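# Coordinate analysis (summary)
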Amino acid sequence: MSAAQTIPETAPGAAPRPREAATAWRHARHVITGNPVTAVAFALFFLLLLCAVLGPFAVPYNPLASDTANALQAPSWAHPFGTDQLGRDILSRVVVATRLDMTVAIASVVLVFALGGLAGVAAGYFGGWTDRVVGRIADTIMAFPLFVLAMGIVAALGNTVTNIVIATAIVNFPLYARLARAEARVRREAGFVQAARLTGNGEWRILLTQILPNILPIMAVQVSLTMGYAILNAAGLSFIGLGVRPPTPEWGIMVAEGASFIVSGEWWVALFPGLALMLAVFCFNLLGDGLRDIVDPQRRG
Amino acid sequence: MSITDTTPRVPLLDLRDLTVEFATRAGPVQAVRRVSLQMMKGETVGIVGESGSGKSVTSYAVMRILDRAGRIAEGSIVFSGMPLQAAPETAMRDLRGREISMIFQNPRAALNPIRTVGRQIEDVMLRHGQATRQTARARAVEMLEQVRIVRAAERYHAYPFELSGGMCQRIVIALALACRPQLLIADEPTTGLDVTTQKTVMELVTELTRVRGMSTLLITHDLGLAAAYCDRVVVMQRGQVVEDAASGTIFRAPAHPYTRRLLRATPRPGAGLRDLLPEGAPAGEPVQAPPPDAPPLLEVTRLVKAYPRPLTASWWKRGAAEPPVRAVDGISFAIRRGESVGLVGESGCGKSTTSTMLMRLIDRTEGSIRFDGQEIGDIPPRAFTRSPLRARIQMVFQDPSDSLNPRYTAERAIADPILRLGGRAARAGLRARCEELAGLVGLPVELLGRLPHQLSGGQKARVGIARAIALNPDLVILDEPTAALDVSVQAVVLNLLQDLKARLGMSYLFVSHDLHVVRLLCDRVIVMRSGRIVEQGLTAEVMQHPRHDYTRELLAAAPEPP
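Calculation notes
- Residues numbered from 1 in each chain as written.
- Chains lettered and ligands numbered in written order.
- Predicted model: local features only at pLDDT ≥ 70, side-chain atom pairs only at ≥ 80, totals over all residues.
- Helix = DSSP H or I, 4+ residues; strand = E, 2+ residues; numbered from the N terminus.
- Rg over C-alpha atoms; globule rule 2.2 N^0.38 Å.
- Buried ≥ 20, exposed ≤ 12 C-beta atoms within 10 Å, placed from the backbone.
- Pairing = 2+ DSSP bridges.
- Right-handed = clockwise from strand over helix to strand, strands pointing away.
- Contact = placed C-beta atoms within 7 Å.
- Nonpolar A, V, L, I, M, F, W, Y, C, P; charged D, E, K, R; others polar.
- Axes fitted to C-alpha atoms, helices over the stretch in contact; angles between N-to-C directions.
- UniProt positions renumbered as here; feature names shortened; annotations may be inferred.
- Expected span 1.5 Å × (residues − 1).
- Core = buried A, V, L, I, M, F, W, Y, C linked by C-beta atoms within 7 Å.
- Domains from an automatic or database assignment.
- Left-handed = near helix turned anticlockwise from the far one by under 90°.
- pLDDT = per-residue confidence, 0-100.

This part takes up the overall build of chain B. Secondary structure summary: chain B contains 21 helices and 20 strands in total. The C-alpha radius of gyration computed for chain B amounts to 26 Å, which stays within 12% of the reference 24 Å derived for 562 residues, consistent with globular compactness. With the principal axes as the frame, chain B shows a C-alpha extent of 75 × 65 × 45 Å.

The helix and strand inventory of chain A stands at 10 helices and 0 strands. Each of the three principal axes of chain A carries a C-alpha extent, and together these read 75 × 50 × 40 Å. Classification of the 301 residues of chain A by burial places 42% in the buried group.

Here we take up the pairing of strand S8 (residues 215–220) of chain B. Residues and elements named next belong to chain B. Across the 6 residues of S8, 6 count as buried, placing the element largely inside the fold. Burial along S8 is two-sided: Ser215, Leu217 and Ile219 facing one way and Thr216, Leu218 and Thr220 facing the other are all buried. Both strand S3 (residues 44–48) and S8 contribute to a ladder of 5 bridges, which runs parallel. From the neighbouring strand, Val48 faces S8, where its bridge partner is Thr220. You can see the chain leave strand S7 (residues 183–187), run along helix H8 (residues 195–212) and come back into S8, and the turn it takes is right-handed.

Residue and element names in this part refer to chain A. Tracing the chain through its elements places Ile294 in helix H10 (residues 268–295). A residue is classified by how many C-beta atoms lie within 10 Å of it, and Ile294, with 18 of them, is partly exposed. A sequence separation of 264 residues divides Ile294 from His30, and the C-alpha atoms of the two residues are 8.9 Å apart. Ignoring anything within four residues of it in the chain, the contact list for Ile294 reads His27, Ala28 and Val31.

Attention shifts here to the interface of chain B and chain A. On the side of chain A, 30 residues touch chain B, which itself brings 43 residues to the contact. Tallying contributions element by element places helix H14 (residues 410–421) of chain B first for the side of chain B that touches chain A, with 4 residues. Here the side of chain B that touches chain A is composed, by residue class, of 21 nonpolar, 12 polar and 10 charged.

Looking now at the sheet that holds strand S11 (residues 296–307) of chain B. Residue and element names in this part refer to chain B. Taken together, the 4 strands give an open sheet; going across it, the order is S12-S11-S14-S15, and neighbouring strands pair in antiparallel fashion. Looking at which strands have only one partner, the edges of the open sheet turn out to be strand S12 (325–336) and strand S15 (374–375). Where S11 lies against strand S14 (residues 366–371), 5 bridges are found, and the strand directions are antiparallel. Residue pairing in the sheet places Glu299 in a bridge with Arg370 of S14. On the sheet, helix H12 (residues 351–358) packs against S11, S12 and S14 and is oriented at approximately 60° with respect to S12.

Attention now goes to the UniProt feature "domain: ABC transporter" (unreviewed entry) in chain B. Within this numbering scheme, the UniProt entry marks residues 15–263 and 298–555 of chain B as carrying the feature "domain: ABC transporter" (unreviewed entry). Its end C-alpha atoms 26 Å apart, residues 15–263 of chain B is made of 40% helix and 27% strand.

Our next topic: helix H17 (residues 457–469) of chain B. End to end, H17(B) covers 19 Å across 13 residues, agreeing with the expected 18 Å (1.5 Å per residue, within 8%). Burial analysis of H17(B) places 12 of its 13 residues in the buried class, the great majority of the element. Taken as a whole, H17(B) has its buried residues at B:Gly457, B:Gln459, B:Lys460, B:Ala461, B:Arg462, B:Val463, B:Gly464, B:Ile465, B:Ala466, B:Arg467, B:Ala468 and B:Ile469. Considering only its buried residues, H17(B) is in contact with helix H7 (191–198) of chain A together with strand S16 (393–396), H14, helix H16 (430–441), strand S17 (475–479) and helix H18 (487–504) of chain B.

Within the largest apolar cluster, 234 residues are counted, with the highest numbers of intra-cluster contacts made by B:Val172, B:Ala174, B:Ala466, B:Val476 and B:Leu509. It is helix H3 (residues 90–126) of chain A that provides the largest number of residues to this core, a total of 17 residues. Both of domain 1 (109–180) and domain 2 (298–310 + 324–557) of chain B provide at least three residues apiece to this core. Setting aside residues no more than four positions away along its own chain, B:Ala174 makes contact with B:Ile121, B:Met143, B:Leu144, B:Gln146 and B:Val147.

So, on to the domain arrangement of chain B. According to the domain assignment, chain B contains domain 1 (109–180) and domain 2 (298–310 + 324–557). A separation of 40 Å is found between the C-alpha centroids of domain 1 of chain B and domain 2 of chain B.

With that settled, the discussion passes to the sheet that holds strand S9 (residues 232–237) of chain B. Strands in a sheet are paired, the pairing made by backbone hydrogen bonds, and the direction either parallel or antiparallel. Residues and elements named next belong to chain B. The 6 strands lie next to each other as S6-S7-S8-S3-S9-S10, forming an open sheet whose pairing is mixed. The open sheet terminates on both sides in strands that have one partner only, identified here as strand S6 (100–103) and strand S10 (240–246). Put simply, the sheet's adjacent strands are angled 15° from each other on average, direction ignored. Direction of pairing for S7 relative to S8: parallel, over a ladder of 5 bridges. By the bridge assignment for S8, Leu183 is matched with Ser215. Packed onto the sheet, helix H1 (residues 55–63) meets S3, S6, S7, S8 and S9 and runs at close to 145° relative to S7.

What follows deals with the packing of helix H4 (residues 117–127) of chain B against helix H5 (residues 133–146) of chain B. Residues and elements named next belong to chain B. Running from N to C, H4 and H5 point in directions that differ by 115°, and their axes come no closer than 9 Å. Crossing hand, H4 versus H5: right-handed. Touching Gly118, Ile121, Glu122, Met125 and Leu126 of H4 are Ala136, Arg137, Arg139, Ala140 and Met143, all from H5. Partitioning the contact of H4 with H5 into residue classes produces 6 nonpolar, 1 polar and 3 charged.

This next bit is on unusual backbone geometry. Residues and elements named next belong to chain B. Even without glycine at this site, Ser80 takes up a positive phi of about 35°. Examined against the element boundaries, Ser80 turns out to sit in the loop between strand S4 (70–79) and strand S5 (82–83). Positive phi, normally seen in glycine, also occurs at Arg238, with a value near 45°. In this structure, Arg238 sits in the loop between S9 and S10. You can call Arg238 buried: it has 20 C-beta atoms within 10 Å.

All names here are of chain A. Its location among the elements puts Leu175 in helix H6 (residues 161–188). Among the residues examined, Leu175 registers 20 C-beta atoms within 10 Å and is labelled buried. As for Leu175 and Val40, which are separated by 135 residues in sequence, their C-alpha atoms are 27 Å apart. Setting aside anything within four residues of it in sequence, one finds Leu175 in contact with Gln222 and Thr226.

All names here are of chain B. The buried fraction of strand S18 (residues 507–512) amounts to 6 of the 6 residues, a majority that puts the element mostly inside the structure. Burial along S18 is two-sided: the face carrying Ser507, Leu509 and Val511 and the face carrying Tyr508, Phe510 and Ser512 are both buried. Strand direction decides the pairing type here: strand S13 (residues 340–344) and S18, joined by 5 bridges, are parallel. In the strand pairing of S18, Leu343 is matched with Val511. As paired strands, S17 and S18 are joined by 5 bridges and run parallel to one another. Counterpart to Ile477 in the pairing with S18 is Leu509. Crossover connection from S17 via H18 to parallel S18: handedness right-handed.

Here we come to the confidence of the model for chain A. Residues and elements named next belong to chain A. Within chain A, residue pLDDT values average 81, and 91% of them lie at 70 or more. The least confident element of chain A is helix H1 (residues 20–34), whose mean pLDDT is 72; the most confident is helix H4 (residues 128–142), at 92. Within the model, pLDDT remains below 50 along residues 1–18, and this stretch shows 29 contacts once partners closer than five positions in the same chain are excluded.

Written out as structure tokens, the structure reads:
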């Protein structure tokens with residue numbers, strides 16, 4: 001047997017709460033300090049952000065400058081991550097690549113957040129043919145193996161960074177559309193939506209002012225979870241030779257280039273960009289869990 | 001009920017100085033403080049209190065099903081000589097269901113939706129070794145018969161969604177009693193049920209427990225219910241026991257001021273609206289009936305709402321098209337200016353469908369709705385949003401939490417109708433108008449900046465009322481406006497509604513399942529059943545001389561304290 005258990009609503013002697021912003025900040029701080037894993041994720045996130053913004057100015061070597069005399073050097077004090085087959089400093093390349101990978105991930109997530117979210121909310125709220133059209137589009141996308149679909153889109157549209165962004169966004173569309181649709185459907189019959197109808201709000205206004213703001217926090221969690229996937233997708237496309245082209249520093253290409261050296265013992269060429277990729281994905285997934293705790297009203301006490 | 005044996009009387013359940021703490025960010029909060037309570041074998045005890053009084057937490061502590069943040073900080077729980085406060089989880093698992101059972105508020109949520117009810121009863125008995133694979137089925141059917149499920153062998157195969165709320169609660173009772181426990185904890189077992197169903201369920205519980213010599217702990221917010229069905233009533237307030245007495249005594253001579261206040265706020269025969277407020281509260285304006293010759297504001301004639309039947313059978317099996325379900329089946333009534341009319345009926349009677357149609361949120365199938373001489377039934381709901389009439393018909397919703405946008409402050413919620421329908425002049429004086437409305441509904445102005453989750457239930461109800469009256473409507477539909485509130489808050493809100501009506505000259509249509517609440521506010525009542533009006537008339541007449549059997553049944557179902 002299960003019990004729906006609630007902490008008593010009014011705690012005896014509870015102090016009146018301060019303003020919302022302060023409360024939200026206190027809550028975020030509580031989640032971070034209360035859960036060390038989330039704290040690690042936030043720390044990693046800020047490190048990635050730092051690399052993306054300041055990376056090109058802070059690295060010790062030019063990431064594109066080759067130095068054939070020093071090719072394939074093992075990690076040392078001069079080159080902490082070693083050098084690749086053209087003698088380029090891997091540390092510099094890994095750090096500089098952060099900006100490109102993050103840009104692709106963020107741009108594609110912003111795009112799909114706007115398109116998928118809006119389409120999903122409209123589908124859930126209006127139902128009928130809007131729902132059917134959005135639902136079938138999502139089904140069609142889901143019918144393909146997603147990475148193969150992304151490959152196809154980039155191959156068809158042309159080998160550019162913009163097209164990687166578009167492909168990643170399209171691949172993630174069903175996730176956002178379905179989540180937004182389900183959340184909007186739940187809220188469509190809520191009392192406050194009925195009340196908004198009685199106070200003279202039109203349907204579109206209700207959609208934008210009543211429904212959308214209430215599902216944004218849930219969508220935000222999804223953003224963080226798909227960010228990791230978007231980075232992986234972008235790197236994967238570069239790995240197989242689509243999208244970003246050498247010599248541009250990019251984690252996927254670097255892993256691809258380094259892969260052939262693993263058998264001959266030069267493990268560092270592929271390992272460090274791969275590690276960066278792993279940490280980035282890891283960071284966003286953990287961040288998603290932390291964000292869920294922040295927005296989940298059950299945890300707000 | 002007295003037990004006349006010579007053995008020394010050891011209580012079946014003995015709570016001593018029980019303190020339960022919840023860890024919150026602001027530090028530990030004591031939800032239950034030094035509660036002591038003894039229950040004898042065969043005794044029925046009611047714990048009564050308003051939300052946040054710690055009554056449910058006390059029962060969860062006995063079952064040891066507190067959530068992770070909660071812990072028993074102090075005190076002891078002894079169940080038939082066995083200390084439970086530190087018993088290992090494995091021992092508790094054997095105890096739960098076999099020795100102590102629990103019935104929850106929402107029967108549907110307590111049942112597994114994808115398992116037939118018969119199998120669920122079997123599961124419990126098999127888990128505690130009360131039946132074998134061979135006998136389980138027969139025992140389960142027998143249990144169903146005991147809780148008076150008609151055609152039990154057939155219903156054994158039913159899924160919870162195929163049964164009504166009252167039947168689901170009976171299944172939950174069958175589950176709870178299947179292993180013949182010594183103690184039954186019923187946590188608000190009838191809160192979501194209709195009054196007539198409440199009566200049958202409570203009678204079933206008391207009879208079954210009496211026959212089996214079990215003890216029952218009834219947890220409820222309804223003092224009347226506890227007094228009617230319990231031997232003893234324990235009143236809790238803010239985590240503490242304030243009074244513990246035989247139920248007859250507590251009704252005749254309540255000792256604690258809180259019990260007196262609770263008793264006073266409970267709607268009861270013979271008490272008027274003002275009688276519900278605590279003694280010494282400022283009396284509002286006198287309640288006066290509208291002039292009998294006032295012109296009709298709303299006239300409903302032969303109103304029908306029909307829904308097509310759901311397609312259950314496959315198309316090749318279906319015969320001739322079945323007639324659609326008539327949720328509202330040709331009702332006619334009128335509301336005069338300044339009049340309050342109550343629309344009473346149990347769930348599924350069509351009262352909510354009626355109010356949604358009058359609000360022009362859904363289309364009617366047939367009939368006419370004339371508002372102030374204009375036919376509004378023809379205006380489709382979407383177009384009605386922009387109609388100037390929209391401002392003149394407003395509504396107060398059932399659940400004050402659900403009806404406020406969680407991201408709007410109280411002020412923004414109250415301002416919404418003014419912004420959308422008020423015109424430019426009204427928008428200019430928005431802040432002043434919001435403050436004026438807050439004053440009218442008795443909401444402190446400094447609370448206007450708060451979000452719904454920072455307000456109490458009563459305060460949220462006030463925001464909902466302020467929003468409904470913001471545009472000075474002529475007709476306000478009140479859809480069970482106090483159903484989600486504690487009785488003391490209900491008393492205040494009902495009085496507030498009465499005062500507002502007197503000051504602003506509105507008409508009310510009060511939709512409710514509870515005749516005793518409707519009686520307080522309404523000049524006339526309409527009783528509905530299965531989409532039809534079975535009786536309508538002046539409130540006093542209907543209450544004292546009900547003509548229809550169903551009205552009599554409704555009146556008789558309300559719990560009567562000894």
